[in-house]
Structures are given as structure tokens and as C-alpha cells.
Amino acid sequence: MCENAPVENKKKVLSCIQPSGMLTLGNYLGALKNWVAMENEFDCTYAVADLHAITVRQEPAKLRAQIHSTFALLLALGLDPEKSTLFIQSHVPEHAALSWLLSCYTQFGELSRMTQFKDKSAKHADNVNVGLFSYPTLMAADILLYKPDFVPVGADQKQHLEIARDIAVRFNNIYGDVFTVPEPYIPKTGARVMSLQDPTKKMSKSDENANSWVAILDDRDTIIRKFKRAVTDSEACVRVSETKPGISNLIAIYSAVTGKSFEEVEREFDGKGYGDFKLAVGEAVADELAPIKAEYDRIITDKKLLEDLYKSGAERAERVARKTYLKAMKKVGFVL
Ligand code: ATP
Ligand code: LTN
């Protein structure tokens, strides 16, 4: 579609990211890189999902810094606040408000089946709070308020998106056409980046072993060192195979960053050892992330700019969110 086409003709996209720690290469390849790629073709709304982050305990000062940092990173990635609506979730109160409404149209049984809930409640056994359980209703509110056609997320969020769709259909069946039922948009390449230390698990920013993930803001030496230490196998043959999850993960990462197909990568490293390959992956990732880090370092010090942008983003988001929220409230029977 033409870059200057009026916004109304473009399909709508909505996605959010939690400020729950240092964003990783998994977040970048599985989600954020795609956000940037979608910006010209779609009318995009992107938020820092800070309300979601407190489903696990956060230290106040650290959370505040992470919210700022995540918002700054969105700008550093190259997202344009004129083209896309960029905001912080808690600045638009309709998210929490609609979440309550939707929770009354969500079944206990369907939330109990969420694998992320099962995983996270096992991991944080001392704090299995109600928010962690009902989190998909907040995510459904994030989505449904903006009536998006597509929701880009990594493969791990598919189940939550399904629930959002089910809630929308259920609500619409009772009250008429209130919500748009969105489609998932899951990028093919780099859809699931695995841990560098245990390639059977996804790369996760909350993993305690810092060698298992690469942060988008890691410096070059750190990135190369982490790839050198990546767990592989003893076969020393650069080839994708189900029995070689470590090397397959590195090939997928290299392919996502360089745009080369898996076959091209295998050919390029035919007869070469893992040492050479790991170094090449590390260098390619470092090259891709370096300009983002440089831009981030510049933006994060400009507090005034950040504040202006997240305030105007929230105003723009709320104009849309308010309309949908009031429509839903009215349909349910509230006095407005
Ligand atoms: P946590 O470790 O706190 O659960 P996370 O690292 O899994 O967090 P999220 O904030 O839950 O990250 O995810 C943000 C986005 O990044 C989502 O769209 C998610 O699908 C995507 N994502 C996260 N980790 C990966 C990964 N390893 N591979 C691909 N995509 C990922
Ligand atoms: N749950 C997502 C983040 C998230 C989200 C959303 C993604 C919150 N609200 C709405 C897409 C649409 C996660 O943890 N990755």
C-alpha cells in the first residue's frame, strides 16, 4: 500500500510489550522487528504493557526505570510517533476498566488452561495472584479497545490471543457488533528464539542465567561472548535438525538477522566448525543491534522528549479506547 495513503484505508494493528526486564533478542526477532516492518503498511498502535508487569512482583524504582526504558526502546527501534500511536498502558484507564467488564464474560475454566499461567505459577509459587490468573482478560481489553484487524505477537502468545477472540465473539453474540475479532500475525522467521543455555526452552528475559539471553541493549563484546558460550552438540556440523536444538536455534537466529535461508546458511558454513559459526552469529547480531543501542543511549537521556511523546500518545490512544469502552458499557446496561 502507498506510504501516504490516508490512515482510514489502512488495516489496524495493535500490540503491546511488557516492561518486565531487559528486552531480549527473542522479543526483538519474535515481535519488535515486525512492529517496525508493519508501520508503513498498517495503522499501528503499540503500548508498553506496564499493568501486566505487576503480575509478578516488581521493585518500584526498577519498574519505573523499565517503563521509561521500554518506551525509549520503541523509539530507538525507529517507530515513528507521528505515524503510530505509542503509549504506556496505565496512562489509558479504559484498559483496566474494560478488563473488569470482560472478566465477567470469561470462564474460570478457560483461564485455567493457559500454559503461561501454569508455567508462571510454578515459577512464582509463593505469589500465584489473581492478576496472574486473569491476565488474559487485561490483554483482551488491550486488544479489543482498538478494534485491530491484526495482532502481531510471538508464538507463545497465541493462546492468549485465542481467548481475546473468544471473548469478543461471546460478547458480540449477546450485545451485537461491539468488538472486532482480530487475527493473529505471527512472523515466520525468528518466531521462537530459544535460550542459549537450554535450547529446549524459549529465550526469556526473566531467566536468571544471563548467558541464556541476549539483551537488545547488550554491548558488542557481551553479545559475542554469549554466542561463544551457547550450548550446542558435539557433532560440529552446521545443520538444522530436531536432534540438534542448539545449533538449529543459532541457524534460525542467523537466518532471521541476515535474511539468508536455512539452506544458504548451511552451505555457507559447510565444513566449518562451530567456533567459526558462533562467532559469525554473534557478529551479525551485534551489527544488527548496534544502531538501536546508539539511538537508545541518545533518547533515554532526553526525559522531556520522552514525557511529551508518551503523554501525546496516551491522549491519542484514549480517544479511540474511550469510544469502544463507552459503547460496551452502554450495551451491558450501565447508565452513562
Ligand atoms: P517473560 O520472560 O517476563 O515471560 P518474555 O521475554 O517472554 O517475558 P514478553 O514480554 O512476554 O517476553 O513478550 C513480548 C513479546 O515478545 C511477545 O510478543 C512474545 O511473543 C515475544 N517473545 C518473547 N520471547 C520470545 C522468544 N524467545 N522468541 C520469540 N518471541 C518472543
Ligand atoms: N501478554 C503479552 C504482552 C501483551 C500484549 C497485549 C500483546 C499485553 N497486552 C496485547 C499483544 C496484544 C506478553 O506478555 N508478551
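A few words on the overall build of the chain. If you tally the helices and strands in the chain, you get 13 helices and five strands. In terms of overall size, the chain behaves like a compact globule, its C-alpha atoms giving a radius of gyration of 21 Å where 336 residues would be expected to give roughly 20 Å. For the chain, the proportion of its 336 residues judged to be buried stands at 51%. At a minimum sequence separation of 6, the contacts of the chain that also span at least 24 residues come to 74%. Here the chain has roughly 15,900 Å² of accessible surface; of this, 52% comes from carbon and sulfur atoms. Each charge class in the chain can be summarised by its mean position, and for the 44 positive and 45 negative side chains these summaries are 4 Å apart.

With that settled, consider the site of ligand 2. The environment of ligand 2 is formed by 13 residues, the closest being Gln18, Tyr135, Met139, Asp142 and Gln157. Taking Asp142, its side chain carries an N or O atom lying 2.6 Å from a nitrogen atom of ligand 2. Within the contact set of ligand 2, a nitrogen atom lies 3.1 Å away from a side-chain nitrogen or oxygen of Gln157. Out of a free accessible area of 360 Å², ligand 2 has 90% covered by protein chains.

Around ligand 1, the surrounding shell holds 20 residues, and the nearest of these are Asp156, Val193, Lys202, Ser204 and Ser206. Ser20 is positioned such that a nitrogen or oxygen atom in its side chain is 3.5 Å from an oxygen atom of ligand 1. Lys205 places a polar side-chain atom, nitrogen or oxygen, 2.9 Å from an oxygen atom of ligand 1. Against a free-state accessible area of 600 Å², the protein chains account for coverage of 96% of ligand 1.

Let us look at the environment of Glu288. In this fold, Glu288 is placed in helix H12 (residues 274–299). Along the backbone, Glu288 and Ala168 are 120 residues apart, and their C-alpha atoms lie at a distance of 38 Å. Beyond its immediate sequence surroundings of up to four residues, Glu288 is in contact with Tyr28, Lys33 and Val257.

The next thing to look at is the pairing of strand S3 (residues 85–88). Taking every second residue as pointing to the same face, both faces of S3 are buried, with Thr85 and Phe87 on one and Leu86 and Ile88 on the other. Summarising the sheet, strand S2 (residues 43–48) and S3 pair through four bridges and their orientation is parallel. Counted as the bridge partner of Thr45 is Thr85 from S3.

Cut-offs and rules
Residues numbered from 1 in each chain as written. Chains lettered and ligands numbered in written order. Predicted model: local features only at pLDDT ≥ 70, side-chain atom pairs only at ≥ 80, totals over all residues. Heavy atoms only, no water. Helix = DSSP H or I, 4+ residues; strand = E, 2+ residues; numbered from the N terminus. Rg over C-alpha atoms; globule rule 2.2 N^0.38 Å. Buried < 20%, exposed > 50% of the residue type's maximum accessible area, 1.4 Å probe, protein only. Contact = heavy atoms within 4.5 Å. Areas by Shrake-Rupley, 256 points an atom, 1.4 Å probe, with all protein chains shown as cover. Lys, Arg positive; Asp, Glu negative; His and termini not counted. Charge placed at Lys NZ, Arg CZ, Asp CG, Glu CD. Near = heavy atom within 4 Å. Polar contact = N/O pair within 3.5 Å; in protein donor to acceptor, adjacent residues only side chain to side chain. Pairing = 2+ DSSP bridges.

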